[in-house]
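Here's the letter readout for the chains.
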Amino acid sequence: MSQRPVVMGKKTASKNVDPITLYNFTFPAEQLAVRTALADIRTALEQALLDSDLVGRVESALAELFNNIVKHAYANQGSGTLNCTVTKTAPGVFVNVIDRGKAMPGHTLPDGDLPNLEVGFSDLPEGGFGWFIIKSQTDRLSYEREGADNYTQLVFEVRRNA
């Protein structure tokens, strides 16, 4: 796997802070590569001495997002790649993910509502929790489709306990 530069264009973390790129890598849209990328991202976040809650939230949200991209965006398309840039900013962490898989239905993010759990044990859903997890872990989340590219931006701010 070789590292490729990212052209972020208008997609930037913030104009009012001096961001520090902690991770920038393009990797295959495959389960093993996703696991490796998540471990590398976690290491980069920990080495930046970020709060353990913040590190966990970033890792949980990205695990769900990457797996959704592999499973749904690249379904029946053969091979593909994901590019992930993780940037430390004054309030927390900004993540930009770019893929060339299928667009989100309606070119919008899913609602992220929990599936109905008021059912019998045998009827409990096996899936449908991913976007709820992603949305609950992020402070801001956006998605755009430009040409053949999907841009998903996630913002994680340090959460102070009251």
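Our subject is the structure listed above.
**Side note on the pairing of strand S3 (residues 92-99)**
Regular strands place side chains that alternate from one sheet face to the opposite one.
Inference 1: Summarising burial for S3: eight of the eight residues are buried, a large majority.
Inference 2: Alignment of strand S2 (residues 81-88) against S3, held across seven bridges, turns out to be antiparallel. Looking across to S3, one finds that Leu-82 is bridged to Asp-99.
Inference 3: Joining the antiparallel neighbours S2 and S3 is a turn of three residues.

**Points about the sheet that holds strand S1 (residues 20-28)**
Inference 1: In spatial order, the strands read S1-S2-S3-S5-S4; together these five strands make up an open sheet with antiparallel pairing. Bordering the open sheet on either side are S1 and strand S4 (140-146), each of which pairs with just one other strand. Here the strands of the sheet are splayed against their neighbours by 10° on average, with no regard to which way each runs.
Inference 2: As paired elements, S1 and S2 share eight bridges and run antiparallel to each other.

**Some remarks on the pattern of salt bridges**
Side chains bearing opposite charge may pair, as long as their charged atoms lie close to each other.
Inference 1: By the definition in use, this model includes six salt bridges.
Inference 2: Between Arg-57 and Asp-139 there is a salt bridge, with its nearest N and O atoms 3.6 Å apart. Placement of Arg-57 in helix H2 (residues 52-73) and of Asp-139 in the loop between helix H3 (130-137) and S4 is noted, with a sequence separation of 82 residues between them.
Inference 3: Notably, a salt bridge pairs Glu-157 with Arg-140, separated by 2.8 Å at the nearest N-O pair. In this pair, Glu-157 is assigned in strand S5 (residues 149-157) and Arg-140 in strand S4, connecting sequence segments 17 residues apart.
Inference 4: Assessed through its relative accessible area of 47%, Arg-140 is described here as partly exposed.
Inference 5: Residues joined by salt bridges that share partners form a network here, namely Arg-42, Glu-46 and Glu-59.

**Considerations on H2**
Inference 1: Under the 1.5 Å per step criterion, the end-to-end length of H2 is 30 Å for 22 residues, consistent within 8% with the ideal 32 Å.
Inference 2: The opening residue of H2, the one whose side-chain oxygen lies 3.0 Å from the backbone nitrogen of Asp-53, is Asp-51.

About the thresholds
Residues numbered from 1 in each chain as written. Predicted model: local features only at pLDDT ≥ 70, side-chain atom pairs only at ≥ 80, totals over all residues. Heavy atoms only, no water. Buried < 20%, exposed > 50% of the residue type's maximum accessible area, 1.4 Å probe, protein only. Helix = DSSP H or I, 4+ residues; strand = E, 2+ residues; numbered from the N terminus. Pairing = 2+ DSSP bridges. Axes fitted to C-alpha atoms, helices over the stretch in contact; angles between N-to-C directions. Salt bridge = Lys/Arg side-chain N within 4 Å of Asp/Glu carboxyl O. Expected span 1.5 Å × (residues − 1). Polar contact = N/O pair within 3.5 Å; in protein donor to acceptor, adjacent residues only side chain to side chain.

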